[in-house]
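Structural characterization, general
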Amino acid sequence: MKINRRQFLKGSAGSVAALGVMQQAGAMELALGNESYNYIKREPRERVFTCSPLHAHDNPVIAWVEQDPLQRNLLTGKPGRLVVELSGVTESVRSRGRVSAAEASAWLQLYDGDRLQKPLKRAGPRGSGKWQEITWQQANQEIAQAIAKSKPEAIALLHGKDTSAGAWQRLLHTLGSNSFIPLATGTNRQAAWQAAWGAADAIPDLAHSHYILNFGTNFLVSQPDYAAEAMDGRLYRRAKIATFDPRCSKTAGLSDEWLPLRPGTDGLVALAMANYLLQEGLADKAAITRSSNLTVDRLAKELKPYTLEHAAAVSGVAALDIRSIARQFAESERGCIITGSGTSGHTNGYDTERALMLLPLITGGFEVQGGTCLPRQIALGDLLPKPASPAGRNPIERPHRFPIEAGKQYPIDLLFGYNTNPAFDAPAAAAWRQTLADESRVKLFVAIDSFRNETWDLADLILPEAHWLERNEPVAGQGSLLPWIGLRQQVSPPVGEARELRTILRDIVQATNDPGAAKYWQFGDTREWLAMQLGGVPGLKKDGGWELMAKHSGVWPIYGYLHPDIRRIVDEQGEEVMPHYGKPVKLDLDPFPHWQAAKDTATAGGELTLVVHASDYYAGDASANNKVIREATLANHLHINHATAQAMGIDDGDLVRVSSRAGHLVTKAHLTQTIRPDVVAMHNASGHWRIGSVANGSAGPEHEGANDNPDEDINHNLWWADPGTHPMDLIPALFDEQGGGAACATAVTVHKAEPGDRYGNLSIDASKLLADGDMEKSAQEVRA
Amino acid sequence: MEGQMIANAFHHSYWGFPIALYFWLVGVSAGSFVISSLGWVFGVKKYKATAFFASNTAIIMLLIVPVLLIIDLGKPYRFFHLLLFSSFSHWSAPMVWGSCFIMSYPIAMMCYSYFVYQKNERWARRLGILAVVLALCTHWYTGVVMQLNPSRVPNHTSVAPILFLTGAYVSGIGFLICCLWVRNKFLAAEKQVPIELIADMARLMLYGIIFDLFLLGNEFLQMTYGVAEEHTMLYDVLLGVFRWPYLYLEIVWGLLLPLVILVIPKINRRMSWVLGAAFMCATGVYGMRIWWVMGTYYYQGHY
Amino acid sequence: MAERVYGFDGVSPSKGKPGRKRYAMVVDLRRCTGCNACTASCKTSFDVPLGDWRIWVAEAEFGEFPDTRRAVLPRLCNQCDEPSCVRSCPTKSTFKHPDGFVLQRYNRCIGCRTCMVACPYNARHLLPEYRREKNNPRNVADKCDFCVVRVTRGLAPICVASCTGGAMVFGDINDPKSEVARLLRESKTFNLRVELGTAPQVYYIGLTESIGDPEFAFHNRSAQLHERYNSFKRNSELGGEMAGDIIDTDMGFWGLMRHIVRNFSSFFAQVPHKFFRGLY
Ligand SMILES: Nc1nc2c(c(=O)[nH]1)N[C@H]1C(S)=C(S)[C@@H](COP(=O)(O)OP(=O)(O)OC[C@H]3O[C@@H](n4cnc5c(=O)[nH]c(N)nc54)[C@H](O)[C@@H]3O)O[C@H]1N2
Ligand SMILES: Nc1nc2c(c(=O)[nH]1)N[C@H]1C(S)=C(S)[C@@H](COP(=O)(O)OP(=O)(O)OC[C@H]3O[C@@H](n4cnc5c(=O)[nH]c(N)nc54)[C@H](O)[C@@H]3O)O[C@H]1N2
Ligand code: SF4
Ligand code: SF4
Ligand code: SF4
Ligand code: SF4
Ligand SMILES: [Mo]
């Protein structure tokens, strides 16, 4: 659909324009968004369009703002511009008016008593937890000095999801470095798709699918945007959802079918399915040659060993079930696959992902309606001039092995940390802590965040960053087949001395007094930068420019209006706006993704496989201190199959010891029928000891007297007492060397707690977390 | 295992021990007053001597009641809105009827006491009748407040008010006997209430105990044959959470032991035994108030 | 607002009247993902305190491995047509609005909690003494009000607007063309606890009976949920102050005594607050 200015403006009128559609459709006369009122003053609230970075894909939202003399900012105690509500953007193809639980409650974090408001410098030895407040000038000076003393490539960034739209890259390039250390298990998945078709993601067209084949993602929980699409598919196309997962996750439990497979065996199941479909003549042979570098003959030959029986024996899913799912998938003709951390997070994750690509490939399911599609994106412009990408090598040759290799060749002179928390979230977290605490390996560690976390505890400086509702950042939309761009814009000014990332980085560069560097950082305020990146988007200007977009919808382009009954974006005729399919796909599947057993899931007799997964409602540690999310989150007791537990004499709620080769933790058993008998599971969102008083439980009812939170609700009404246990220390550092992602499973033994064991006990030998000789060797074999 | 709940919201229990105490106090007051009225209203001469004291006991008990009720409210001051503005009251709510009773009953009792003090036979009788009716109503309504909640086991039964009244009667007499015993300690021998009269009151109490047991037996039967929640309640009053208030405090301590004492000849005329039985009855009924009030929302609190 | 309805026959006068609104909700459980966006958006929009819920999502697992299912059930006030909470409120603080809402007037409420005892759905709560927003009501009863403040301004309830699965459908059943009316017409819908005659106006499509059953919810709790329940009862300040929260692992003789002492002492400790703070 072609978008013109008239439509853009019309769309921006929101509910008024939508009325026209509704009259035709005879719909619910209530608007699903775009308005909000102060109910006492009976005035409309001011709205600011922005974009939430909380989930894998950014989500356009509206922040509702009030200025009421009776309402105080909890942090400053003064009245002012306050965010009071967050809701979705009805014009957005992404949010369609909705928000997730974490987003709806994200604004509470703006006024969170645990927020950082001043730059901090450590006062005792690293990790001692003693801090002193310093000025920005002192902080910048100190960092500038470190930069001056550093080898350029020994300046590195440790990061999670990159929400900075290029600012970090610009900084590192400005300083002559290219040393990025990303933390994610999704990296195997990303690397696999990147290598196969040149984009790090694959978008399942869930809303138009007839068959959703899910391997190892709890997407109803972890990807609210995909959940919404899948539910539309289920209702309007009667899409069937089949989920392969060792535990009956929420997604599996709400799917039409749950297939409990052994962890790490998805690749084998996929290969067997592909083999079966090919042999049964259910394959679209033309599509195979059209969409990949494989020939049908070669495919048949490579697939030959992968029989259903073999797959069944290894995966634990009956051959008949695998066969019937394969058939249904092929016969539905509009099937898509969706994959996630479950497939990606093992040492064979890279190949698993590539094996799974065979399913859409041989059923002709790439780039068709309801199939698996290439991501669509609208490129952002850039700030000019742009620093060149330096050739310098990352001192950590394999960045994912950071805790092992950091400082091996030469120390990291300056490590920035942003938007990540490996000391808590990464497998082998204790090893990360050990490495980061070592001043001979990491000389200066500078963290930038709005909160302290377990990783920043080991930093030398922590710089207070503005919350995302206080920042200006362009957003290149993702996750939708209708491409879009959006923006994060400042809803209220940063509290205390917190500053926006771009400003922080600019000031650091300027403190170096290097005009060669400073020329890349010429902008007055962050909005100016916004103007440069958004202003360069072709076509936007014709529709009124980014300022208009920022004011009227927060996203561009406007494809149509939200139909309040079917809740999809429709055009003026009331017809759903459909994506364009048919982008050329050429998968590179060389070498062929043969299946190898995952190392992290291997168990000896009597051992069980522990899988650690994302928790419900949570959106990473950014929501760890969110009272509403915490209240809904159950602590991560060990999910264990009923029969398995009973055979061990373990009852529901009993205290158990979970031991891996690195040590053990003590938690409680949750007996359930929703997990394989040979697998146990915990989520990774519990057991915090930093971030804030809600996250670490120190605001709880057992801590009377320690309650000085500005939110009286937290002080007086917070009722839960179970802080959970931290499971990531149990998981040894094992990697998929092809994809560069860490594995998120390990073999454990479970037995009843021993005398003296107390809930939450954790006893880990960090040195045992790092790969021993054997594993090193096999890892090298993989690379060779 | 067919399934299990893994997440749910909880809401607080609404009424607690103070409300149970209020039910108990209202009951004690009503029970005492019934004894007080025996002499002046129903013409049982020998009770005339205790009437003034019994009535005053009832008044004192009942003066605590509104205080307890009012400070239990979330908005205590607003209680007076109910009294001051008739438009505030919602007449389908038993609570409003109750407010009327609770306000008028002590006034009627005070007048009655005054006329008893004045030995004004005619007016004491008239006001006695009024006050007895109000006493019964005051306690009846507390039963009704509980009875009219459709989903609440064990309250949702029309036996509730009668059960309340019987408990009131029993605990009232028991409490009065204890008070009379204390009073005797402070009085010259000739002014003391004779043990015969107290034993007589204990006999009245015995009838109440038997009737109470009869009602509880019926309730027990209903729980045994009952629908799901009733069944659950049965388990919990016998073996679970409410075993102490129900089984031990109410049934054994409050009813069975006094019953045994009061049916054994000779013992049932001895002050110490009668006093013991009276004390047990008076306190045991608090057990009933506890499980009756809190049991109501115990199950649904999980829902 | 002469048409407020109290007492026994709560059926709202607008039901079936042309030209009048009559609001109801259908929750299509085939689409609900149990994401709690409804809970979070409601809690934050209305400053619903910790430990209180206007809406929440119950969750259960069913069946035996490997034939296992999960079920989720968003629960809120049913805006009953025969609201037992309304008829037993002594102050007319809660009433049935002609257009279908069951509403709460904070300024009339005396905080007696009779309505909570009367509601079979556990849909009501007492707002605690301490709130995030200092000026918000306290010590009065509250519940979901079908977002009357939004709906009367032409906005869908915030939980409905946020609902990621699109499971909640809200609207005017007097309008036959509305989506709720269509769903009610064309789908098999269920109510919670119909046998109580409260005539609930929140309808569910695809309700798994057990999860809607108090007996099931009580008897089949995971140990973790049970433990959470007890820590809720044990730790919540409000519970200690005004309520007889029973910690069912602590109900022997001494447990009973502890409960009595704890409840009475916090009850009396709270009295000065109620009299001298937040008078209104
Ligand atoms: N609520 C919430 N949402 C999130 C996040 C969060 O922390 N919380 N994090 C965000 C991020 S960074 C990411 S990467 C995504 C991750 O989101 P998902 O990809 O959905 O990852 P998980 O939720 O960890 O779920 C992985 C599932 O795979 C299963 N599993 C484990 N091993 C295997 C296996 O070998 N095979 C199969 N088939 N299944 C397996 C686990 O039991 C688990 O149910 O979620 C994002 N969204
Ligand atoms: N066992 C197991 N482990 C896992 C996974 C798993 O599935 N199982 N998942 C893995 C995956 S996929 C990932 S992506 C990682 C996630 O792990 P992390 O990369 O640690 O991500 P988060 O948990 O989101 O932690 C983000 C930190 O960034 C901060 N932050 C949030 N927003 C901002 C912001 O706007 N600015 C700044 N400066 N800081 C911000 C938060 O305060 C928090 O401290 O965990 C991995 N670990
Ligand atoms: S659900 Fe409860 S609170 Fe809501 S109207 Fe019905 S009885 Fe009243
Ligand atoms: S608590 Fe308030 S709303 Fe509820 S019954 Fe009492 S006065 Fe009415
Ligand atoms: S209708 Fe409004 S008040 Fe009721 S649950 Fe939904 S958001 Fe909360
Ligand atoms: S927001 Fe919608 S999908 Fe999510 S739990 Fe609530 S009703 Fe279900
Ligand atoms: Mo991730």
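Residues numbered from 1 in each chain as written. Chains lettered and ligands numbered in written order. Predicted model: local features only at pLDDT ≥ 70, side-chain atom pairs only at ≥ 80, totals over all residues. Heavy atoms only, no water.

This paragraph deals with the pattern of salt bridges. All names here are of chain A. Scanning the model with the defined rule gives 78 salt bridges over all chains in all. The residue Arg-401 makes a salt bridge to Glu-405 at a minimum N-O spacing of 3.4 Å. Residue class for Arg-401 comes out buried when judged on its relative accessible area of 2%. With its nearest N and O atoms 2.8 Å apart, the salt bridge here joins Asp-678 to Arg-676. (Salt bridge = Lys/Arg side-chain N within 4 Å of Asp/Glu carboxyl O. Buried < 20%, exposed > 50% of the residue type's maximum accessible area, 1.4 Å probe, protein only.)

Once that is clear, we can look at the interface of chain B and chain C. Accessible area lost during the coming together of the parts is what is often quoted as the interface size. Opposite the 61 residues of chain B that make contact, chain C presents 92 residues. Interface area for chain B against chain C, summed over the two sides, is near 7,300 Å², with a carbon-plus-sulfur share of 62%. Where chain B packs against chain C, one counts 2 salt bridges. For Arg-193 of chain C, the salt bridge is made with Glu-229 of chain B, and the minimal N-O distance between the two is 3.0 Å. The interface formed by chain B and chain C holds 47 residue pairs in polar contact (both at pLDDT 80 or more) in total. (Contact = heavy atoms within 4.5 Å. Buried area = accessible area lost by both parts, 1.4 Å probe. Polar contact = N/O pair within 3.5 Å; in protein donor to acceptor, adjacent residues only side chain to side chain.)

Glancing now at the pairing of strand 1 (residues 3-7) of chain B. Taking burial as the measure, the 5 residues of strand 1 of chain B include 5 buried ones, the bulk of the element. Pairing between strand 1 of chain B and strand 2 (residues 55-64) of chain C: 4 bridges, direction antiparallel. Its bridge partner lying in strand 2 of chain C, Gln-4 of chain B is registered against Glu-61 of chain C. (Helix = DSSP H or I, 4+ residues; strand = E, 2+ residues; numbered from the N terminus. Pairing = 2+ DSSP bridges.)

For the rest of this paragraph, the subject is the interface of chain C and chain A. Taken together, the contacts link 71 residues of chain C with 86 residues of chain A. Overall, the association of chain C and chain A removes approximately 6,800 Å² of surface from exposure, summing both partners, and the carbon and sulfur fraction of that is 53%. The partner of Asp-232 of chain A in a salt bridge is Arg-31 of chain C, and the shortest N-O contact between them spans 2.2 Å. If you look at where chain C meets chain A, you find 32 residue pairs in polar contact (both at pLDDT 80 or more). Put simply, the parts of the chain that give the side of chain C that touches chain A at least two residues each are strand 1 (23-28), helix 1 (37-45), strand 2, strand 3 (67-76), helix 4 (148-151), helix 5 (158-162), strand 8 (168-172) and helix 8 (223-235) of chain C.

Neighbouring ligand 4 are 13 residues; Cys-89, Cys-109, Cys-112, Arg-113 and Cys-115 of chain C lie closest to it. Tallied by class, residues from the shell around ligand 4 come to 7 nonpolar, 5 polar and 1 charged. (Near = heavy atom within 4 Å. Nonpolar A, V, L, I, M, F, W, Y, C, P; charged D, E, K, R; others polar.)

All names here are of chain C. Mapped onto the fold, Cys-38 is located in helix 1. Judged by its relative accessible area of 7%, Cys-38 falls in the buried class. In the structure, Cys-38 is positioned 93 residues away from Arg-131 in sequence and 20 Å away in space, judged by C-alpha atoms. Excluding anything up to four places from it in sequence, Cys-38 contacts Ile-55, Val-57, Cys-159 and Met-168.

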